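Overview (structure and organization)
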Amino acid sequence: MHILVTGAAGFIGFHLTRRLLDRGDTVVGLDNLNSYYDVRLKRDRLMLLEQEKKTLISLKLTSKIPLPFRMFLTSMFLTEL
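Below you will find a few notes about this structure. (Residues numbered from 1 in each chain as written. Predicted model: local features only at pLDDT ≥ 70, side-chain atom pairs only at ≥ 80, totals over all residues. Heavy atoms only, no water.)

Here the focus is the pairing of strand β1 (residues 2–6). Along β1, the buried face is formed by I3 and V5; none of H2, L4 and T6, which line the opposite face, is buried. With five bridges joining them, β1 and strand β2 (residues 26–31) adopt parallel strand pairing. Each residue of the ladder has a partner; that of T6, found in β2, is L30. Once you follow β1 into helix α1 (residues 11–23) and on to β2, the crossover reads as right-handed. (Buried < 20%, exposed > 50% of the residue type's maximum accessible area, 1.4 Å probe, protein only. Helix = DSSP H or I, 4+ residues; strand = E, 2+ residues; numbered from the N terminus. Pairing = 2+ DSSP bridges. Right-handed = clockwise from strand over helix to strand, strands pointing away.)

This part takes up the packing of α1 against helix α2 (residues 39–51). Where α1 contacts α2, the axes come no closer than 11 Å and their chain directions differ by 0 degrees. For the element pair α1 / α2, the angle class is roughly parallel. On the side of α1, the interface is formed by F11, F14, T17, R18 and L21, while α2 contributes R45, L48 and L49. (Axes fitted to C-alpha atoms, helices over the stretch in contact; angles between N-to-C directions. Parallel < 35°, antiparallel > 145°, perpendicular 65-115°, else oblique. Contact = heavy atoms within 4.5 Å.)

The subject of this paragraph is α2. With 13 residues, α2 should reach 18 Å at 1.5 Å per residue; the first-to-last C-alpha distance of 18 Å fits that figure. Where α2 is concerned, the buried positions are V39, K42, R45, L46 and L49. Buried residues of α2 fall within an arc of 120 degrees about the axis and therefore sit on the same side. Opposite the buried face of α2, by more than 90 degrees, sit the exposed residues R40 and Q51. Sitting at the head of α2, D38 places a side-chain oxygen 3.0 Å from the backbone nitrogen of R40. (Expected span 1.5 Å × (residues − 1). Arc of directions from axis to C-beta. Polar contact = N/O pair within 3.5 Å; in protein donor to acceptor, adjacent residues only side chain to side chain.)

Put into structure tokens, the structure is as follows:
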């Protein structure tokens, strides 16, 4: 299953993403890495997820999502009814 997790570098998002990856899901993790709390901790969490060599696509949002990535997300999550 393809799953989008917002706030993937936060406490809940990190643990949720790890569980989903362990389950075998494809995860797209988004986070703007704001300074609500230590940004280094959030970066370290993303690095841990990326080191597990499972299917994780992470995007650190600093502004608007670029058009090519929006198109990718649309195609990844688009389902026929």
